[in-house]
Amino acid sequence: MRAEIISIGSELTMGQSLDTNAQWLSLRLAEIGIPVFWHTTIADDLDVNLDAFRLATRRARLVIATGGLGPTQDDLTREVLAQVAGVDLVFHEPSFEHIREMFARRNRPMPDRNRVQAFFPTGAEPIPNPNGTAPGIWMTIDGAIVIAVPGVPSEMVAMFRAEVLPRLLELGLGGGVQVQRKINTFGGGESHIEEKLFDITRRGHVPEVGITASDATISLRIFARAPSPAEAQAQIAPIEQTIRARLGKLIYGVDNEELQDAVIGLLDDKRKSLATAESITAGLVAHRLGQIPGASVWFRGGIVAYDNRIKAEQLGVPQDLLDIHGAVSAPVAEAMAVGCRQRMKTDLAVSTTGLAGPGGATPAKPVGLVYVSLAWDGGVISTSFNWAGTRTEIQSRTAKQALNVVRLKLLEMK
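K.L.:
Sorry, what's going on with the sheet that holds strand β11 (residues 217–226) here?
P.N.:
Strand pairing in a sheet is mediated by backbone hydrogen bonds. Such pairs are either parallel or antiparallel. With antiparallel pairing, the four strands of this open sheet are ordered in space as β10-β11-β9-β12. Pairing within the sheet leaves two strands with one partner each, and these edge strands are β10 (208–214) and β12 (251–254). Neighbour-to-neighbour, the strand axes of this sheet turn through a mean angle of 25 degrees, independent of strand direction. Inspection of the sheet shows strand β9 (residues 177–186) paired to β12 by three bridges, in the antiparallel sense. From the neighbouring strand, I183 faces β12, where its bridge partner is V254. Contacts from helix α14 (residues 391–412) reach β9, β10, β11 and β12 within the one sheet, and its direction differs from that of β9 by about 85 degrees.

Below, the structure written as structure tokens:
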């Protein structure tokens, strides 16, 4: 079976709203063994909607659409499904009564326009919506099951769990499970990672292994399809073991774990304290650490030192280092880390400095040049990187690099 999810709304195609419904539905369908092959996002345009549903019902056996069920003129899903199926819209009195009762419970008059929400393509079944005025639609078009639910996430989720999912299972459309395991890495490029895993990322490998890159994080996604979760995990386990053996310390976590999760976990394991001194990242490293529950046990705090005067006064960076090397330099990054550790009285301190742009660059120091330094009892190191991207991307990747430098050092410590 192949499924398609159609997300409807000009606010989605214009980038004003993010489509989270398709992701959520794909995950839920995977849990019952229904693979989603297509995500289609379309604007509130009649012809575009007709084309999308005609194509979907030809290539997928299950089509789930979200959006377009409201009472306004740009809510086209009812009309579109009727035209694609070649049938008329018919009025459904029980659905209309539900809509009227919904308004009555809210002590609001029902606009005449809401009556349109009680019309359904001939032969379709209404899907009850206890949380809103828009009932869903269940129908069959050319052998494909077509399900339409509201685009409001809370309504869509409730209707899927209470009405759609039980019916899909009752029809036997599931068939096993799809289980995903994500392994997150930092410090290696996408092509570098693939070279190490070329044999297991090849097309047709079972289980499927894919590589995705996002903000300098490279993730390996293992997709297993099997009759049961235990059998799927049995497929995943040896592949994960192979990935771990080949990538080693490049791996920092799994699934939704971030670098800051790994750092806080290691600080706790090693019983080490940490502070931050940030210039280019403007507190982003500290912010990410502070997001993790329990961070306050080992994360002491941070100093944002954008201005050179703050670097000198608050972190003790010698003025001659600033004058000779400039703020964006390895000596200054090291002095920031050492000064931060001394003042915060921590086991480790990490610092960041660099050029996020768009201005301030020179031939010797281009936009994207950053330095990250780490100080600990008995030593200090600095590393430099050249990031490409927007100001926000450079700052984010530098923050990740700082966290990764701390992570790698903690792995070495007893």
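K.L.:
Help me out: how do you make sense of helix α8 (residues 229–247) in this one?
P.N.:
Each turn of an α-helix holds 3.6 residues, which means side chains three or four residues apart point in the same direction. With 19 residues, α8 ought to run about 27 Å at 1.5 Å a step, and its terminal C-alpha atoms sit 26 Å apart, in line with that. Every buried residue belonging to α8 is among A232, I236, I239, E240, I243 and L247, and all of these are buried.

K.L.:
Could you clarify how one ought to interpret the pattern of salt bridges in this entry?
P.N.:
This model, assessed by the stated rule, comprises 14 salt bridges. A salt bridge links R28 to E31; its shortest N-O distance comes to 2.8 Å. Here the residue R28 and the residue E31 both occupy positions in helix α2 (residues 21–31), the gap between them amounting to three residues, near one helical turn. The partner of K409 in a salt bridge is E412, with the nearest N and O atoms 3.3 Å apart. Placement of both K409 and E412 in helix α14 is noted, with a separation of three residues, approximately one turn of the helix. Of the residues examined, E412 reaches a relative accessible area of 53% and is grouped as exposed. Because the salt bridges share partners, they merge into one network encompassing R181, E240, R244 and D255.

K.L.:
Even after reading the chapter, I still don't get unusual backbone geometry, so can you show me in this structure?
P.N.:
Of all residues except glycine, most have a negative phi; of all peptide bonds, most are trans. Cis geometry marks the peptide bond from V206 to P207, where omega comes out at 0 degrees. Cis geometry marks the peptide bond from G357 to P358; its omega dihedral reads 5 degrees. Looking at the element boundaries, P358 is found in the loop between β15 (348–354) and β16 (369–376). Of note, the phi angle at A282 is positive, near 50 degrees, even though the residue is not glycine.

The rules behind each value
Residues numbered from 1 in each chain as written. Predicted model: local features only at pLDDT ≥ 70, side-chain atom pairs only at ≥ 80, totals over all residues. Heavy atoms only, no water. Pairing = 2+ DSSP bridges. Helix = DSSP H or I, 4+ residues; strand = E, 2+ residues; numbered from the N terminus. Axes fitted to C-alpha atoms, helices over the stretch in contact; angles between N-to-C directions. Contact = heavy atoms within 4.5 Å. Expected span 1.5 Å × (residues − 1). Buried < 20%, exposed > 50% of the residue type's maximum accessible area, 1.4 Å probe, protein only. Salt bridge = Lys/Arg side-chain N within 4 Å of Asp/Glu carboxyl O.

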